[in-house]
Amino acid sequence: MWLCTLLPAFLGCHSMFALPGPRAWMLPRHSPCFDRPGDVMVGGSFSILRFSKGTLSDFSAPPAGLQASSVSMWGYRVAQSFVFAIEEINRSAHLLPNLTLGFSIRNSGDSVHGALHEMVGFLTGQEEPIPNYTCQHGSPQVALVGDTRSLLSVSMARLLGLYKFPQVSYSSTLPSLSDKIQFPSFLRTLTSDLTSSCAVTQLIIHFQWSWVIILAHDDDFGQEASSLATQVLSPAGVCIESHLHVPSHQSLEKTEEIVQRMQKCTAKVVLAFLSNSNFQLILYGLLGVLVSGQVWVSKDTLHMALALTIPGISQVLHSTFGLLYHSSRAIGFSEFLAHLHPSQTPEDMFIKKFWEFTFDCTWPHQNITVTEGAQLCSGNESLKNKQHPFPEVSKIDAAYTAVYCIAHALHDMIACGHQDEKGADSLDFQPWQLLHALRKVHFKAPDGSEVLFDVNGDLVTKFDIFQGRKTPEGIFHLVHIGMIDPQASSSNKMMVHLKEHLQVSCLNLEMTHPRVPTSACSESCLPGFSQVSQPGAPHCCFGCTPCSEGHFADQTDMKRCLLCPKEQYSSHTRDRCLPRTEIFLAFEEPLGFTLALVALFLSGLAVLVLGVFLKHRETPVVRANNRTLSYLLLTSLSLCALCALLFLGRPTVTTCLLRQTTFAVVFTVAVSSVLAKTLTVVLAFRVTRPGGRIQVCLNPGASTSVVFIASSIQVVLCGVWLAISPPFPDRDMVSEPQHIVIQCHEGSGATFFCMLGYLGFLAGGTFSVAFLARGLPDVFNETKFLTFSMLLFCSVWMAFLPLYHSARGKSTVAVEIFSILASTAGLLGGIFIPKCYIILMKPEKNTFAWLRQGHQAQQDRQ
């Protein structure tokens, strides 16, 4: 037999069992078990009866058997799920129809030596296993289910792995058991601690808790789990306020130290990687200090369930979250348990002890004297009302899936035997053959759930999310709120699915679900603000600063504000971008309409004055100082007023080309006309003899030449400007944040300023000449009016420059139109209104007689 070589190899590694003779095993004689025969045997190792440590052998005397100190209510119920699954499979007409499964349930006593003793006993068929010998001649053993704790499963897996004997655990989660080099024959119907630890970190990320405390054991698992949590949480923006390591052995002094450190922490969320006992011990310690409103998160929902039973725990906990691996449900198992009775299964050597502990009674035994007042078990008790605490998370049917995996692997292996033309009843196979089929098993359990193993022998499963909610009375109850699917993942991120009616409340915990507080180092930055890091603090501790103009932040806790597209602007609250509207100085708006009316009025006024001059062209007032220049000046002033209309309305290519050039040319004509009139007055008083050079310059043609030459220079400059880089319609995105200003871009700035500079030079020269000639005698005060009008003209355009450069958007156009109209009004009013006054209101002064009389009066004064 293969076991004859297996035992010496194992005993060589574990010398504590290698004592000679009958003293070789420090284990109880005649251990209780629960056997049922079948064509093949499936072993089950469960921690049902726990033994007191005081009865363990100290090697000074032969072991006399261990006394049971307690019964694991959970362990016995799990063992019954093992029985329930086998009975269900034996009744099935589709799964192993020609094969009956037998079983042998053994009690490991929650100890390594107990687990090894019962395992070897199952494999050899002996109550007192003897090395190198087996009396097993009955049905072959095909697999072993168990055990509960990882420490027990590791020792069993090292032995069974030597000969590839299949072992399926229902509760061992040690990560190293996924190593198929060390444990080639080990599989389990749940995931490893590292997978569940990774899943619980995804819960932290999904609920947007950014400031957490990690509580972990100081053993290998605690350090590995906390390190994994840090590696996952840190890139997701979660900060760990404190890593607290709890000793595996309970220490009151260390617990008080941890509680004091937790009291100083500000994080509201505690991520725990602890055993049940330490989990409860820390919570008991927190009850005595001023710590409240915490949310505890664990990879084990049973931790949560046990914690919620602590009296007054609502003072500390605000809520709890835990994970439970999603496995097949044993439909009808509750009814099966409810109908259990010792009389139905006399071969069950554990049920009477379980009955005594469950109903707090004692079975009458012939050799045991019952103490007075003790309650006797009548057998009429019922398990219907003795439900295990927290049935939704306690997994009392944990062994159910393991048995079905073995059954399906047997079924597949036998089916392969049929294809290989072996006998239908042939059970001649090696353990490794079943192990091969077990690794590849893939089926749907009776409840419809899919069952398969990954390459490491771990069950491919999902995690149910349970929340411990507190009622207004301070009582907690567990509620299933969603699921985590490790398979539907992108890169290293698992998918978290919450129930629809809980999704909003869990994500917006502070607003719509007040039972669950947020946990952050700093208050969230609202939309419209961005985070500002604080020197020396973790990245989760930050300040908030409002977004600047043109930027926005549409989410909370944004690292930086985003730039709005050019076609949009940021809202007043800086939390979104709004579309910009196109604006320009339109005729329809009040300002544009008013400026247009003023322009038309001034143009009409100039035309009206021109009409008056034409009607009275033979009068002294009109004929004085070259009436041709007056006609030209009035015409240019009318055009100056009209050219302001080119600046109104939506700019087009045509209006952009015409507005500045027309303005420059007509104003040059106007200013040069004023210059010619001023020169005429100055030269008239310098004539010393008739026919001289100065007399020639007083001819009407000479004055007109001045206007023509000055205007031609401006026309050339404008032509060069249009040829090099003409103006064009443009969209100004900068001047007004909320609008797009449609304007004319001036093209070449140099030629544009040359044009303006020439006009300014001409205006400055005209004003200088007029100013110098202001004192010359003149009956109609022509020089004084010319000086005054040019003073107005220059003052307007001197004020225009700073206003134009400080204005933004369409205001720049309004400033330029206003300057055009003001300077036009200044020239028109300063030069021609006084003359019109004389022509229309004082006609007696508009005669040659009055003119001669005025000259005579001037000579007398001189």
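Residues numbered from 1 in each chain as written. Predicted model: local features only at pLDDT ≥ 70, side-chain atom pairs only at ≥ 80, totals over all residues. Heavy atoms only, no water.

A. Region of interest: the state of the cysteines. This model, assessed by the stated rule, comprises seven disulfides. In this model, Cys361 is linked to Cys377 through a disulfide, with the two sulfur atoms separated by 1.8 Å. Disulfide Cys361-Cys377: torsion about the S-S bond near 95°, hence right-handed. Here Cys377 lies in the loop between helix H11 (351-359) and helix H12 (398-419) and Cys361 lies in the loop between H11 and H12, a separation of 16 residues in the sequence. (Disulfide = S-S within 2.5 Å. Helix = DSSP H or I, 4+ residues; strand = E, 2+ residues; numbered from the N terminus.)

B. Molecular detail of the nonpolar core. Within the largest apolar cluster, 100 residues are counted, with the highest numbers of intra-cluster contacts made by Phe82, Ile105, Val297 and Leu410. The biggest single contributor to this core is H12, with twelve residues. One finds Leu602, Phe647, Val666 and Ile831 within the second-largest nonpolar core, a separate group that totals 55 residues. (Core = buried A, V, L, I, M, F, W, Y, C linked by side-chain atoms within 4.5 Å. Buried < 20%, exposed > 50% of the residue type's maximum accessible area, 1.4 Å probe, protein only.)

C. Up close: the packing of aromatic side chains. Taken as a whole and judged by the stated rule, the model has 27 aromatic pairs. With 6.1 Å between their ring centres and 20° between their planes, Phe333 and Phe336 make a pair best called stacked. Taken as a pair, Phe333 and Phe336 lie in helix H10 (residues 333-338) at a separation of three residues, close to a single helical turn. The pair Phe333 / Phe336 is uniform in exposure class, with both members buried. Consider the rings of Trp797 and Phe800, whose centres lie 4.9 Å apart with planes at 70°: the pair is edge-to-face. Of the two residues, Trp797 and Phe800 both sit in helix H23 (residues 782-806), three residues apart, roughly one turn of that helix. Here Trp797 matches Phe800 in class, with each residue buried. Taking NZ or CZ as reference, Lys395 lies 5.1 Å from the ring centre of Tyr325, over its face. (Phe/Tyr/Trp six-rings, centres within 6.5 Å; stacked < 30°, edge-to-face > 60°. Lys NZ or Arg CZ within 6 Å of the ring centre and 35° of its normal.)

D. Seen up close, the side chain of Gln80. Secondary-structure assignment places Gln80 in helix H2 (residues 73-91). Setting aside chain neighbours within four positions, we find Gln80 in contact with Phe34, Phe333, Phe336, Leu337, Leu340 and Asp348. (Contact = heavy atoms within 4.5 Å.)

E. Summary view of the pairing of strand E27 (residues 739-745). When strand E25 (residues 581-583) meets E27, the two strands line up parallel, connected through three bridges. In the sheet register, Glu582 faces E27, and the bridge partner there is Ile740. Across five bridges, the pairing between strand E26 (residues 728-732) and E27 is antiparallel. Considered in E27, the bridge of Asp732 is made with Val741. If you look at the hairpin formed by E26 and E27, you'll find six residues sitting between the two strands. (Pairing = 2+ DSSP bridges.)

F. Looking closely at the environment of Pro834. By secondary structure assignment, the location of Pro834 is in helix H25 (residues 833-841). For Pro834, a relative accessible area of 21% gives the class partly exposed. The spatial distance from the C-alpha of Pro834 to the C-alpha of Glu782 is 9.6 Å, given a sequence separation of 52 residues. The residues touching Pro834, leaving out its near neighbours within four places in the chain, are Phe785 and Gly829.

G. Quick look at the packing of helix H5 (residues 193-206) against helix H6 (residues 220-233). At a minimum axis distance of 9 Å, the contact between H5 and H6 shows a crossing angle of 40°. By crossing handedness, the relation of H5 to H6 is classed as right-handed. Contact residues: H5 offers Asp193, Leu194, Ser197, Cys198, Thr201, Gln202, Ile204 and Ile205, while H6 offers Phe221, Glu224, Ala225, Leu228, Ala229, Val232 and Leu233. The residue inventory of the contact of H5 with H6, partitioned by class, reads ten nonpolar, three polar and two charged. (Axes fitted to C-alpha atoms, helices over the stretch in contact; angles between N-to-C directions. Left-handed = near helix turned anticlockwise from the far one by under 90°. Nonpolar A, V, L, I, M, F, W, Y, C, P; charged D, E, K, R; others polar.)

H. Up close: the sheet that holds strand E8 (residues 186-188). Strands sit in the order E1-E5-E2-E6-E7-E8 across an open sheet of six strands; the sheet is mixed. Because the sheet does not close on itself, it has two edges, and the strands there are strand E1 (33-36) and E8. Sheet twist, expressed as the mean angle between neighbouring strand axes with direction ignored, is 20°. In this sheet, strand E7 (residues 167-169) lies alongside strand E6 (residues 141-145) in parallel orientation, the contact comprising two bridges. Within E7, the position partnered with Leu144 by the bridge is Gln167. Sheet strands touched by helix H13 (residues 431-439): E6, E7 and E8. Its angle to E8, the strand with the most contacts, is close to 35°.

I. Focus on the sheet that holds E27. Spatial ordering of the open sheet is given by E25-E27-E26, a layout of three strands whose pairing is mixed. Looking at which strands have only one partner, the edges of the open sheet turn out to be E25 and E26. The mean angle between the axes of side-by-side strands here comes to 30°, regardless of whether they run parallel or antiparallel.

J. Focus on the side chain of Thr751. Relative to the elements of secondary structure, Thr751 occurs in helix H22 (residues 749-772). Note on Thr751: relative accessible area 13%, which makes it buried. Those residues in contact with Thr751 that lie beyond four places of it in its chain are Val720, Trp721 and Ile724.

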